[in-house]
Amino acid sequence: MSIALALAGLVAAISTPASAEESDLGVQARAVITQQITAFLNDDAKTAYSFASPEIKSVFPNAERFFDMVKRTYAPVFRPGNYAFGRNRLSKDGTVAFQEVLISAPDGKDWAVYYELKRQRDGNFTINGVRMKRETSSQGI
């Protein structure tokens, strides 16, 4: 199944968000992820690192180490060919968001990527982790 078919199925399966908070979450999560992917594509380690959560920064204490890790471990995220956002979900307490992203990597392989974002004290979300699965269709989060 191509990513285009998977995306078409995903769009057809997604209904209107359950609440305004979930809708706002989707906008915030997509903005953070898009900005980080743009920074990766522009080889801007400092900006990409700025979207990492404090927990991630405690493991990778500088932008260069973080950037190198993403480049080695998460190549489809580091250099996506095309990508589209899927479903999202907010934890009951509103502190953690989950965002699905479908990525078609430059090598032609399709990935389902699941982002975990944590709400910070200022109300903004930062990326706290990424899980990738070699798939071509949305499995939900």
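To be clear, the structure that these remarks concern was listed above.
Fair warning: this is a prediction, and the values are worked out from it, not measured in the lab.

Asker: Where do I start with the pairing of strand E4 (residues 125–133) in this structure?
Answerer: On any regular strand, side chains alternate: one points to one face of the sheet, the next to the other face. Examined bridge by bridge, strand E3 (residues 110–119) and E4 share eight bridges and lie antiparallel to one another. Across the sheet, residue Tyr115 finds its bridge partner in E4, namely Val130. Between E3 and the antiparallel strand that follows it, E4, lie five residues; Gly123 among them carries a positive phi value of about 95°.

Asker: Mind showing me how you'd approach the nonpolar core here?
Answerer: Side chains of a nonpolar character, in soluble globular proteins, are inclined to be buried together. Within the largest apolar cluster, 32 residues are counted, with the highest numbers of intra-cluster contacts made by Ile33, Phe40, Phe66, Val113, Tyr115 and Leu117. Contributing elements (two or more residues each) for this core: helix H2 (20–41), helix H3 (45–50), helix H5 (63–73), helix H6 (75–78), strand E2 (96–104), E3 and E4. Tallying contributions element by element places H2 first for this core, with seven residues. Contact partners of Leu117, with chain neighbours within four places excluded, come to Ala29, Val32, Ile33, Thr95, Val96, Ala97, Gln99, Phe125, Thr126, Ile127 and Asn128.

Asker: Got a minute to help me understand the layout of surface pockets in this structure?
Answerer: The method is simple in principle: a probe with the dimensions of a water molecule rolls over the atoms, and the space it marks as empty is what remains. When its volume is computed, the second largest pocket comes out at roughly 180 Å³. Surrounding the second largest pocket, 14 residues form its lining, Phe66, Met69, Val70, Tyr74 and Val130 being those nearest its centre. Looking at the lining of the second largest pocket, the elements that each hand over two or more residues are H2, H5 and E4. Its residues assigned to classes, the lining of the second largest pocket comprises twelve nonpolar, two polar and no charged.

Conventions and cut-offs
- Residues numbered from 1 in each chain as written.
- Predicted model: local features only at pLDDT ≥ 70, side-chain atom pairs only at ≥ 80, totals over all residues.
- Heavy atoms only, no water.
- Pairing = 2+ DSSP bridges.
- Helix = DSSP H or I, 4+ residues; strand = E, 2+ residues; numbered from the N terminus.
- Core = buried A, V, L, I, M, F, W, Y, C linked by side-chain atoms within 4.5 Å.
- Buried < 20%, exposed > 50% of the residue type's maximum accessible area, 1.4 Å probe, protein only.
- Contact = heavy atoms within 4.5 Å.
- 1 Å grid on protein atoms, 1.4 Å probe; cavity = no way out; pocket = protein on both sides within 12 Å on 5 of 7 lines; lining within 4 Å.
- Points joined across faces, edges and corners; volume = space filled by probe spheres on them.
- Nonpolar A, V, L, I, M, F, W, Y, C, P; charged D, E, K, R; others polar.

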